[in-house]
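Below are the chains, spelled out letter by letter.
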Amino acid sequence: MNSNVENLPPHVLRLVYKEVSALAADPPEGIKIYPSEEDITELHTAIEGPEGTPFAGGIFRMRLVLGKDFPAVPPKGYFLTKIFHPNVGHKGEICVNVLKRDWKAELGLRHVLLTIKCLLIHPNPESALNEEAGRLLLEDYAEYESRARLLTEIHAMGGPGGTSGAPQDPNDGPQPKKHAGDPTKRAGPSAAAVPAALGNGANGASTTTSNSNSSSSSTNNVAGKKKADKKRALRRL
């Protein structure tokens, strides 16, 4: 959709800029505002799914588009996150009275956003764009709730629908592993421990060799003594 900045009078642009700045500084509860510096006539928002509804826990991205006749004509609203709701069409278009016959120029964008959030709490099946959702809401609420909850979990809970557009924190997710050749991350004894271990091994080997030599010398002495005693015994005979 093309920008309408050049089509709006300067005084209207000033009013829009003022209101959008106020919304960004003090947004309605449960709604985040993402104004565009390049196109003030298109306002992106993220709405938290209200508690007690099938949309609880989800983050639903939406945009408001101000036409060339704004504020005489209401803005158009679109859900960018897929949602199963009677008043949201398959292309994300929103059907709510404040964006149609109940619109007044003095209502402002804050009122529009709050009304759309309330629509998640109180759907209106009488003006349904999604006829299946409207029918289930009236005839089989359990099935409606189950379908709405399923789409919320798939599209609005941490998936592309709810978080796309926000940059991923580089600290999120698994971190890259250190290279196996990094000497600071190798497993095993420290550099200081290696010479000590080698030294202990050398001392151990030296001690073992010394003990072996002593034992051998002692054995030879005993054998020599026995031989001398045997010769003396033979002489006496």
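These figures come from a predicted structure and were not determined experimentally.

*Asks:* Go over the packing of aromatic side chains, please, and point to the residues and values.
*Replies:* A full pass over the atoms with the stated rule returns five aromatic pairs. Taken together, a centroid distance of 6.1 Å and an interplanar angle of 40° make the contact between Phe-70 and Trp-103 tilted. With Phe-70 in the loop between strand 3 (59-65) and strand 4 (76-79) and Trp-103 in the loop between strand 4 and helix 2 (108-121), the pair connects residues that are 33 residues apart, well separated along the chain. What makes Phe-70 buried here is its relative accessible area of 7%. We classify Trp-103 as buried; its relative accessible area is 10%. Grouped by ring-pair contacts, the aromatic residues Phe-55, Phe-60 and Phe-79 constitute a single cluster. The cationic tip of Arg-63 hangs over the ring face of Tyr-78; the distance from NZ or CZ to the ring centre is 5.3 Å.

*Asks:* Break down the confidence of the model for the chain for me, with residues and values.
*Replies:* A low pLDDT means the predicted coordinates there should not be read in detail. For the chain, the average pLDDT comes to 77, and 66% of its residues sit at 70 or higher. Helix 4 (residues 141-155) holds the highest mean pLDDT among the elements of the chain, 98, whereas helix 5 (residues 160-163) holds the lowest, 44. When the criterion is pLDDT under 50, residues 233-237 qualifies, and its contacts beyond four places in sequence or with other chains add up to zero contacts.

*Asks:* Can you lay out the environment of Ala-105 for me, pointing to particular residues and giving the numbers?
*Replies:* Within the fold, Ala-105 resides in the loop between strand 4 and helix 2. Taking relative accessible area as the criterion, Ala-105 reaches 42% and is therefore assigned partly exposed. Sequence separation between Ala-105 and Phe-70 is 35 residues, and the spatial gap between their C-alpha atoms is 8.0 Å.

*Asks:* Requested: an account of the packing of helix 1 (residues 10-25) against helix 2, with residues and values cited.
*Replies:* Two numbers describe how helix 1 lies on helix 2: the axes approach to 8 Å, and their chain directions differ by 50°. Considered as vectors, helix 1 and helix 2 are oriented oblique to each other. The segment helix 1 lies against helix 2, with Glu-19, Val-20, Ala-22 and Leu-23 engaging Gly-108, Leu-109, Arg-110 and Leu-113. In terms of residue class, the contact of helix 1 with helix 2 is made up of five nonpolar, one polar and two charged.

*Asks:* Lay out the nonpolar core with the relevant residues and their values.
*Replies:* By size, the foremost hydrophobic cluster in this structure holds 38 residues, and its most contacted members are Met-62, Leu-64, Phe-79, Ile-94, Leu-109 and Ile-116. Secondary-structure elements contributing two or more residues to this core are helix 1, strand 1 (31-34), strand 2 (42-48), strand 3, helix 2, helix 3 (131-139) and helix 4. The element that contributes the greatest number of residues to this core is helix 2, accounting for six residues. Discounting chain neighbours no more than four positions away, the residues touching Ile-116 are Ile-47, Met-62, Leu-64, Phe-79, Ile-94 and Leu-99.

*Asks:* Could you give me a rundown of helix 4, with the residues and numbers involved?
*Replies:* Spanning 15 residues, helix 4 covers 21 Å between terminal C-alpha atoms, matching the ideal 21 Å at 1.5 Å per step. Within the span of helix 4, buried status applies to Tyr-144, Ala-148, Leu-151 and Thr-152. Projected onto a plane normal to the axis of helix 4, the buried residues spread over an arc of 105° and lie on a single side. The elements touched by buried residues of helix 4 are strand 3 and helix 3.

*Asks:* Before we move on, could you go through the side chain of Thr-81 and cite the residues and values that matter?
*Replies:* Along the chain, Thr-81 falls in the loop between strand 4 and helix 2. Residue class for Thr-81 comes out buried when judged on its relative accessible area of 1%.

*Asks:* Explain the sheet that holds strand 2 to me, and be specific about the residues and the numbers.
*Replies:* The antiparallel open sheet is built from four strands, whose spatial order is 1-2-3-4. Strands at the two margins of the open sheet, each flanked by one partner only, are strand 1 and strand 4. Averaged over all pairs of adjacent strands, the angle between their axes in this sheet comes to 25°, without regard to strand direction. Pairing of strand 2 with strand 3, which is carried by seven bridges, proceeds in the antiparallel orientation. Considered in strand 3, the bridge of His-44 is made with Arg-63.

*Asks:* Any chance you could break down unusual backbone geometry for me, citing the residues and the numbers?
*Replies:* The amide bond that connects Phe-70 to the next residue, Pro-71, takes the cis arrangement and shows omega of 10°. As for its placement among the helices and strands, Pro-71 is situated in the loop between strand 3 and strand 4.

*Asks:* Account for the packing of helix 3 against helix 4, with residues named and values stated.
*Replies:* Angle between the axes and distance between the axes: these two values describe a pair of packed helices. Remark: helix 3 packs on helix 4, axes separated minimally by 6 Å, with the N-to-C direction vectors making an angle of 135°. Our classification of the angle between helix 3 and helix 4 gives oblique. Across the interface between the two elements, Glu-132, Ala-133, Leu-136, Leu-137 and Glu-139 from helix 3 touch Tyr-141, Glu-143, Tyr-144 and Arg-147 from helix 4. By residue class, the composition of the contact of helix 3 with helix 4 is five nonpolar, no polar and four charged.

Procedures and definitions
Residue indices begin from 1 for each chain and proceed along its sequence in written order. Totals for whole chains, interfaces and linings use all residues, but because this is a predicted model, local features are given only for residues with pLDDT of at least 70 and pairs of side-chain atoms are given and counted only at 80 or more. Values shown for side chains rest on all heavy atoms present in the structure; no hydrogens or waters enter the calculation. Aromatic rings from Phe, Tyr and Trp, taking only the six-membered ring of Trp, are treated as a pair when their centres fall within 6.5 Å; an angle between ring planes under 30 degrees marks them as stacked, one over 60 as edge-to-face, and anything in between as tilted. Every helix listed is a DSSP run of H or I at least four residues long, and every strand listed is a run of E at least two residues long, numbered separately from the N terminus. A 1.4 Å probe rolled over the protein chains alone gives each residue an accessible area, and that area as a share of the maximum for its type sets the label: buried under 20%, exposed over 50%, partly exposed in between. By definition here, charges over rings are those cases where NZ of Lys or CZ of Arg is within 6 Å of the ring centre and within 35 degrees of the ring normal. Every residue is assigned a pLDDT by the predictor, reflecting its confidence on a scale from 0 to 100. Whether two residues are in contact is decided by their heavy atoms: any pair within 4.5 Å suffices. Axis definition: a line fit to C-alpha positions, over the contact stretch in the case of helices; interaxial angles, taken between N-to-C directions, run 0 to 180 degrees. Note on terminology: angles under 35 degrees are roughly parallel, angles over 145 are roughly antiparallel, angles of 65 to 115 are roughly perpendicular, and the others are oblique. Charged means Asp, Glu, Lys or Arg here, nonpolar means Ala, Val, Leu, Ile, Met, Phe, Trp, Tyr, Cys or Pro, and polar covers whatever is left, Gly included. What makes a nonpolar core is a set of buried Ala, Val, Leu, Ile, Met, Phe, Trp, Tyr and Cys residues whose side-chain atoms join them at distances within 4.5 Å. Given the number of residues in a helix, its expected span is that number minus one, multiplied by 1.5 Å. In this context, the arc is that of the directions from the helix axis out to the C-beta atoms. We call two strands paired when DSSP finds no fewer than two bridges between them.

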